[in-house]
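Listed below are the residues making up each chain.
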Amino acid sequence: MELINPTPLPGIAFRQFDMDGGLDCVVAVRAAFAHQQNARATWIETQPPLQWEDAYDGPPLDSVLLHQTDLTPGKIGTDVTFLGDSHPEAGPSREWRCGLAIGPVSKSLRVTGPRRLIPQRKSRWRKTTLAGWSLDAPAPAAAVPMDWRLALGGKPVFAKEPVEPDPRNPVGTGLPGDASPDEATPIPAPQILAPGDGADSIPAGLGPVAPFWKGRADHAGTYDDIWQQTRHPLLPRDFSPRFWQCAPPDQIAIPFLLGDEGYRLIALSPS
């Protein structure tokens, strides 16, 4: 197999087993553009190289996915993700809205400055108990990284035994856990929230999702003894191509974007 690429873009062709064991030919091409305010995006003169593997900004289990590998067999839609900071439009603020819109994808999030969960103690009959936790007021901020580590999720902070992190966002700010009155101290609270009712129970963000997070792992299929005996090395029958989508579910454009869509970034740029 030979790939003839007359474009100035980096590209590659590779073979991939399909669900029935046949070999598909997959062509991947990477292109980068520069945003122009109220104008068409323009080519970046020096194009970035192909992404050969998933790239994280630290150890994968403790950090966030920055770029998905370009060696992805196929998707059912276009992933729309954002990496960067959110900036309030009127200078340092305690809370504001940000978001993006392109094609059928339209998403708004609530962002706050740094804030904490404060333990609430109650004393009665010479005994102090932990009555719960309260949120303090967020501090003003000029920018907030749109980073899953500032969203709901993570591990219980005061767990006495090893505890698995929230599978929806394993690297989030962390929850209070089972703290005693003596050891409970203020802990960081999520700064990136989904708007609307129930927002405090849903991890929210704009960035890519790692393949082992629940949002993607649920589509990976079943790898058990039956699969080992009857399917290996092919993918299991209940595998869904939705697994290859690295965007949060509400940031997947189906059908695919064509490339001529207008887009909006709200409070996602210093200017």
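Residues numbered from 1 in each chain as written. Predicted model: local features only at pLDDT ≥ 70, side-chain atom pairs only at ≥ 80, totals over all residues. Heavy atoms only, no water.

K.L.:
Sorry if this is basic, but what is going on with the overall build of the protein chain here?
P.N.:
Looking only at helices and strands, the protein chain has two helices and 17 strands in total. A principal-axis box enclosing the C-alpha atoms of the protein chain has dimensions of 80 × 55 × 30 Å. Considering the protein chain as a whole, with its 271 residues, one finds that 38% of them fall into the buried category. For the protein chain, the share of sequence-separated contacts (at least 6 apart) that also reach a separation of at least 24 residues comes to 57%. On the protein chain, roughly 16,100 Å² of surface is accessible, and the fraction owed to carbon and sulfur atoms is 55%. Charged side chains of the protein chain number 25 positive and 31 negative; the gap between the two group centres comes to 10 Å. (Helix = DSSP H or I, 4+ residues; strand = E, 2+ residues; numbered from the N terminus. Buried < 20%, exposed > 50% of the residue type's maximum accessible area, 1.4 Å probe, protein only. Contact = heavy atoms within 4.5 Å. Areas by Shrake-Rupley, 256 points an atom, 1.4 Å probe, with all protein chains shown as cover. Lys, Arg positive; Asp, Glu negative; His and termini not counted. Charge placed at Lys NZ, Arg CZ, Asp CG, Glu CD.)

K.L.:
Sorry if this is basic, but what is going on with the sheet that holds strand S10 (residues 105-112) here?
P.N.:
Two strands in a sheet stick together by hydrogen bonds in their backbones, pointing the same way (parallel) or opposite ways (antiparallel). In space, the four strands of this open sheet follow the order S15-S10-S9-S17, with antiparallel pairing throughout. Strands at the two margins of the open sheet, each flanked by one partner only, are strand S15 (192-193) and strand S17 (263-266). Inspection of the sheet shows S10 paired to S15 by two bridges, in the antiparallel sense. Along S15, the bridge assignment pairs Arg110 with Leu193. (Pairing = 2+ DSSP bridges.)

K.L.:
Whenever I open this one, the environment of Gly221 confuses me. Can you help?
P.N.:
For Gly221, the position within the fold is in the loop between helix H1 (214-217) and helix H2 (225-230). Along the chain, Gly221 and Arg237 lie 16 residues apart, while their C-alpha atoms are 7.2 Å from each other.

K.L.:
How should I be thinking about the packing of aromatic side chains in this particular structure?
P.N.:
A full pass over the atoms with the stated rule returns seven aromatic pairs. Both rings, one in Tyr223 and one in Trp227, keep their centres 4.9 Å apart while their planes meet at 75°; by these two values the pair is edge-to-face. Every member of this aromatic cluster is reached through a ring pair, and the members are Phe239, Phe243 and Trp244. Arg216 extends its terminal NZ or CZ atom over the ring of Phe243, reaching a point 5.0 Å from the ring centre. (Phe/Tyr/Trp six-rings, centres within 6.5 Å; stacked < 30°, edge-to-face > 60°. Lys NZ or Arg CZ within 6 Å of the ring centre and 35° of its normal.)

K.L.:
Got a minute to help me understand the pattern of salt bridges in this structure?
P.N.:
Any two side chains of opposite charge can pair, so long as their charged atoms come close to each other. Under the defined criterion, the tally for this structure stands at 10 salt bridges. Across the pair Asp57 and Arg149 runs a salt bridge, and its minimum N-O distance is 2.5 Å. Residue Asp57 is located in the loop between strand S5 (55-56) and strand S6 (65-67), and its partner Arg149 is located in the loop between strand S13 (144-145) and strand S14 (187-188); the two are separated by 92 residues in the primary sequence. Between Asp136 and Arg116 there is a salt bridge, with the nearest N and O atoms lying 3.2 Å from each other. Placement of Asp136 in the loop between strand S12 (127-135) and S13 and of Arg116 in strand S11 (residues 116-124) is noted, with a sequence separation of 20 residues between them. With a relative accessible area of 24%, Asp136 lands in the partly exposed category. (Salt bridge = Lys/Arg side-chain N within 4 Å of Asp/Glu carboxyl O.)

K.L.:
Teacher, can you tell me more about the pairing of strand S9 (residues 95-102) here?
P.N.:
In the case of a regular strand, side chains alternate between the two sheet surfaces. Of all eight residues in S9, six are buried; the element is thus mostly enclosed. Looking at chain direction, S9 and S10 are connected through eight bridges and run antiparallel. Across the sheet, residue Trp96 finds its bridge partner in S10, namely Val111. Hairpin connection, S9 to S10: the antiparallel pair is bridged by two residues, and Gly103 has positive phi, about 55°. Bridge count between S9 and S17: four bridges; the pairing is antiparallel. Bridging across to S17, Gly99 finds its partner in Ile266.

K.L.:
Sorry if this is basic, but what is going on with the nonpolar core here?
P.N.:
For soluble globular proteins, nonpolar side chains are generally found buried alongside one another. In this structure, Cys98, Leu100, Leu109, Met146, Trp148, Leu206 and Leu268 are the most contacted members of the largest nonpolar core, which totals 30 residues. The set of elements that each furnish at least two residues to this core consists of S9 and S10. In terms of residue count, the dominant contributor to this core is S9 (four residues). What Cys98 contacts, discounting residues up to four positions off in sequence, is Ser86, Lys107, Ser108, Leu109, Val111, Met146, Ile266, Ala267 and Leu268. Within the second largest apolar cluster, six residues are counted, among which are Phe158, Ala179, Ile187 and Ala189. (Core = buried A, V, L, I, M, F, W, Y, C linked by side-chain atoms within 4.5 Å.)

K.L.:
Looking at this structure, I do not really get the side chain of Thr78. What am I missing?
P.N.:
Here Thr78 shows up in strand S7 (residues 78-79). A distance of 2.9 Å separates the side chain of Thr78 from the backbone nitrogen of Leu257, its partner in a polar contact. When sequence neighbours within four positions are dropped, the list of residues in contact with Thr78 reads Gln245, Gln251, Ile252, Ala253, Phe256 and Leu257. (Polar contact = N/O pair within 3.5 Å; in protein donor to acceptor, adjacent residues only side chain to side chain.)

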